[in-house]
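# Residue-level structure breakdown
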Amino acid sequence: MESHRPTLLQKRNVLPSIQHLLCRKEGVCQIKRTFPGLRLPFALSACQESNVPLHTVKPQDNYEGTRLTQMFYQPIKKVQQHQIPIEVDNKGAFKIQDLSVIIKVYVLVTSLTPLRAFIHSTGVVLYAPKKKHFSVKLQAFFENFFTTSSPQQALDDMKDAISKLLLITEVFSEAPSSGPKASSQCSSCFQMLTFDIGFSSSMHPVVLEVHEHFDVPIDEDPTFQDLTVKETLLRDTFRIILSNQSSSTAFFKALWNVYRTAEIKNELHQKELDHCLTLEELNPLISFVQEFQNLGQFEVLFPSTAPKSHFLLHDLYRMANVGENLHSVLTVHWLLTNLLEQLQVINRVAHTNQLGRPNKNLGNASWIKARWSRLRSSYSEKGSIKTKVYSPISEKHEGLHSLNLAKEIHCSHDKDTLPHIKQIFTAPHLDLNPIFDPKIKEYYSEVPFDVVTIMIKAEAANCQCEVHLDEKNGPSAANYPLGLGINRVNILVTDVSQSVHEVVSIYRIIVFREDRPSLPLFDDFMVCGFVQDCGLIIHPEEPCGLKPISADYLSTISQPQLKACEAGDIKGQWIVPCLSCSDNRTCDWRQITWQPHNCQYPVLSKPELQQCVENKKVLFIGDSTNRGMMYYLIERMNKTLQEWQKAHDVKFYDNVNDRRTFISYSYYPQFWISVTQRPTFEKALEELLLRSQPLRNTGQTILVVGGVQWLNFNHLHIIQRVLKRANLSNIQVVIKSLGMGFHLPVDGVHYLSPMEVQNLWKENQAILTTAKQYGYEVVDTFIITMGRYKEFLQGKCGCHFHEVVKSKTSEGSFPMAMPFSKPYTLGKYFNKQSNLVKLQAYASNSQSPYHVRGPINQVYSEILLSRICANDGKVAGL
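Residues numbered from 1 in each chain as written. Predicted model: local features only at pLDDT ≥ 70, side-chain atom pairs only at ≥ 80, totals over all residues. Heavy atoms only, no water.

In this section: the sheet that holds strand S26 (residues 777–779). Across the sheet, six strands lie side by side as S22-S23-S21-S24-S25-S26; this open sheet has mixed pairing. Because the sheet does not close on itself, it has two edges, and the strands there are strand S22 (650–656) and S26. Sheet twist, expressed as the mean angle between neighbouring strand axes with direction ignored, is 20 degrees. Judged from the five bridges that link them, strand S24 (residues 701–706) and strand S25 (residues 732–736) form a sheet pairing that is parallel. Counterpart to Ile702 in the pairing with S25 is Gln732. (Pairing = 2+ DSSP bridges. Helix = DSSP H or I, 4+ residues; strand = E, 2+ residues; numbered from the N terminus. Axes fitted to C-alpha atoms, helices over the stretch in contact; angles between N-to-C directions.)

So, on to the side chain of Thr661. Along the polypeptide, Thr661 turns up in strand S23 (residues 661–667). For Thr661, the side chain forms a polar contact with the side chain of Asn657, separated by 3.0 Å. Dropping the residues within four chain positions of it, Thr661 is found in contact with Val613, Glu614, Lys616, Val618, Met637, Tyr653, Asp654 and Val656. (Polar contact = N/O pair within 3.5 Å; in protein donor to acceptor, adjacent residues only side chain to side chain. Contact = heavy atoms within 4.5 Å.)

Next up on the list: the side chain of Glu682. Tracing the sequence through the fold places Glu682 in helix H16 (residues 681–691). Look at Glu682 and you get buried, because its relative accessible area is 15%. Only 3.1 Å separates the side chain of Glu682 from the side chain of Arg721, close enough to count as a polar contact. (Buried < 20%, exposed > 50% of the residue type's maximum accessible area, 1.4 Å probe, protein only.)

With that settled, consider the state of the cysteines. By the definition in use, this model includes seven disulfides. Linked covalently through their sulfurs, Cys411 and Cys463 form a disulfide whose S-S length is 2.0 Å. Torsion about the S-S bond of the Cys411 and Cys463 cystine: about 100 degrees, corresponding to right-handed handedness. With Cys411 in the loop between helix H12 (398–406) and strand S10 (421–427) and Cys463 in the loop between strand S12 (453–460) and strand S13 (465–469), this pair connects stretches of sequence that are 52 residues apart. For Cys463, a relative accessible area of 29% corresponds to the partly exposed category. Paired through a disulfide, Cys528 and Cys581 show a sulfur-sulfur distance of 1.9 Å. On the sign convention where negative means left-handed, the S-S torsion of about -95 degrees between Cys528 and Cys581 marks this disulfide as left-handed. Linking Cys528 in strand S17 (residues 526–530) with Cys581 in the loop between strand S19 (572–578) and strand S20 (593–596), this pair joins segments that are 53 residues apart in sequence. (Disulfide = S-S within 2.5 Å.)

Here we take up the pattern of salt bridges. Applying the stated rule across the entire model yields 24 salt bridges. Between Lys104 and Asp196 there is a salt bridge, with its nearest N and O atoms 2.8 Å apart. With Lys104 in strand S4 (residues 101–111) and Asp196 in strand S7 (residues 189–199), the pair connects residues that are 92 residues apart, well separated along the chain. With respect to burial, Lys104 and Asp196 carry one shared label: buried. For Arg235, the salt bridge goes to Asp236, with nearest N and O atoms at 3.9 Å. Overall, Arg235 belongs to the partly exposed group, its relative accessible area being 44%. Salt bridges sharing partners connect three or more residues here, namely Glu682, Glu686, Arg721 and Arg725. (Salt bridge = Lys/Arg side-chain N within 4 Å of Asp/Glu carboxyl O.)

The next subject is the sheet that holds S12. Strand order across the open sheet formed by three strands is S10-S12-S14, with antiparallel pairing between neighbours. Looking at strand neighbours, the two that pair on one side only are S10 and strand S14 (477–481), the edges of this open sheet. Within this sheet the neighbouring strands show an average axis-to-axis angle of 20 degrees, counted without direction. Sheet analysis places S10 next to S12, joined by six bridges and oriented antiparallel.

Per the stated rule, a full pass over the model turns up 15 aromatic pairs. With 5.7 Å between their ring centres and 80 degrees between their planes, Tyr106 and Phe214 make a pair best called edge-to-face. Of this pair, Tyr106 sits in strand S4 while Phe214 sits in the loop between strand S8 (205–211) and helix H5 (224–242), and the two are 108 residues apart along the sequence. Pair check on accessibility: Tyr106 and Phe214 agree, each one buried. Ring-pair connections join several aromatic residues into one group, and the members of that group are Phe118, Phe288 and Phe292. In this structure, Arg788 is placed above the aromatic ring of Trp574, and the distance from its NZ or CZ to the ring centre is 4.4 Å. (Phe/Tyr/Trp six-rings, centres within 6.5 Å; stacked < 30°, edge-to-face > 60°. Lys NZ or Arg CZ within 6 Å of the ring centre and 35° of its normal.)

In structure tokens form, the structure reads like this:
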């Protein structure tokens, strides 16, 4: 039949590439032959070189008992009760496939290149015993059907399987080998699809068939709900593809936020920031925003913010060798993904506003009181690590805080009051020592472990003065993170009556945040373990809080000859002795240790470490968390740390290991430099390699890359490209993964919502997987920091788990271990008392001017050292 192009106001339910590749067996086989290494989530019989018609088997051919229906590539008008699930083995023989359930999932594809797809919240399930179909909400169905496993994981797996097939179809349609491009970018085309998904007893989804229309089967005795399914599907489809109702404001705001965020994270090169989008690139973005604002009961399937989707996309396009068009396609994909993220943020903000955010006519005080009243009522005691939300409005000073937030405090014109502040307000309330007096400039206060932020505000006593926090142009009120130990806040009083504002006085507040409440170890104790805190659920499928450790498992991991871990990302848990695992206040937190599952990381003695890195060059590139690991390495090797500074450029250390080891460091990213002047990661890495010359293209050169949260998939590509260009492909590369941080709503830094922290976990897993595929060593710092996210030290990001202190202030502060009185030993560190003795010997060295403090940093730094030396035959026992 001749194909007519749609007019301006017409839409066509036809995307030929999808119909040919997904809805025909020969198309799927063509994909399979083109990408032989891919594991397609298709229940596909053996593909032959020639097109072979698909077979269906009648009950008399091969059928016993009640089975579910599998229907390949045949349009369905009604339920075919005599068709059965089949598959073909490698000999071409048919056999029965045992499926637990089949569900029809409805997907709307509005664009194939770049892919934009939406999944409807309603599906149709085939009920096997009575061979009945019934309509369901997918979320409710999975929650009720998958009661013995993870419902959300099963639903996500199904969406991933559908997305994978659609992404493969997009890439295949763009590949040179796929022939002429048939309307893959038709702006007036869409495709309604029905995916028949089967779930076996393993609960893994398998795509049985893809229909090129919305296939809604009707039983002989349909319910009213069944009859309305197709009507609902079509109504929501027309709403998406025909509606012209959208907000240009939302589009421009979201797009602006995309580029602004990219600048902050340094994700784009300058040429990409300067790139002017073509109309062909801009149209999909505009269309997606319009579709997003008219979803009805559809949900966005793709673009996706899940990192693994983008890794798959990059890998597929690289395999397909698309050519010149690759950069444009991937750019639009990147923009769509980030547009989705920003649109979701805008929606969350709008939803929050509807729940009670203050409008222009509402005083801040009443809103803050109402908001925190709701939070206080949600006091949580999930699991065993208890969490309490502290109200920033103390009942004792509620009237005072309301006065401060809702009214202006009267000021004075008396010159004697010029250097004074009238009052300091804090939330939660701080008991200042001494009691506040405008003439006293320094104060001290203590807060318990669970208080992780503090709001501070001050008012100037004199009318011609202003108050600023920390710096001359700082805010008058701010939310601060409170790291463990000492935190300092400066309050500057400035005279603004002159053209040049002058600082007339400085007040200082020192806030000491206490460590975890801890009991001394008694003979009658039990051993508890945890991976994540119930106050911040990062991995919803895993338990939170303290859980008892079985005696058998503890005996296993306490074996003296426990095998060495073979990678730096072995899953594990924190282990701590407690009187009761149901109350974390009964634990001796000084004895906490990180224990990987069924293995241990060897702790090297000083001679072993020195021998391992002798005549080697170790290059670090990353932020302050990477720098902390470097200083830890230097102190471990030299047994002293003679030199320390917060280096934010390139530094070289040749006085390590009696000058037998060279260490260099490059700070990245340099966030304080404007985007136009800021060095890219590629340039920073090239400069580090150049200035560290000469370098050997062997394991004698070690490159350690990583930081808190700037590292992404693209940086791994850049590392490989730069090393290949520099003829250094054979050096040892260690990737320090992401870590906890930016999880507190404080001023001056970006803030990650709990959902964004969960996404960070997924991104971290993908980075680790990809790094190992490149042959790099890895150190997973995310899993180590996520359960102890409250134990950060000083810094606004809440991401520092180390600090460098003068030795005289750190003496005695390093946690010392005590032996357990049980017949097995747990040890302070890595499960072996001998390892503990080694670390205590170096930690107690009082001759060192500086000391790197922080037990969490110590754990993953020791893992780094063990991975650096893992393949070094000169080190005994590794």
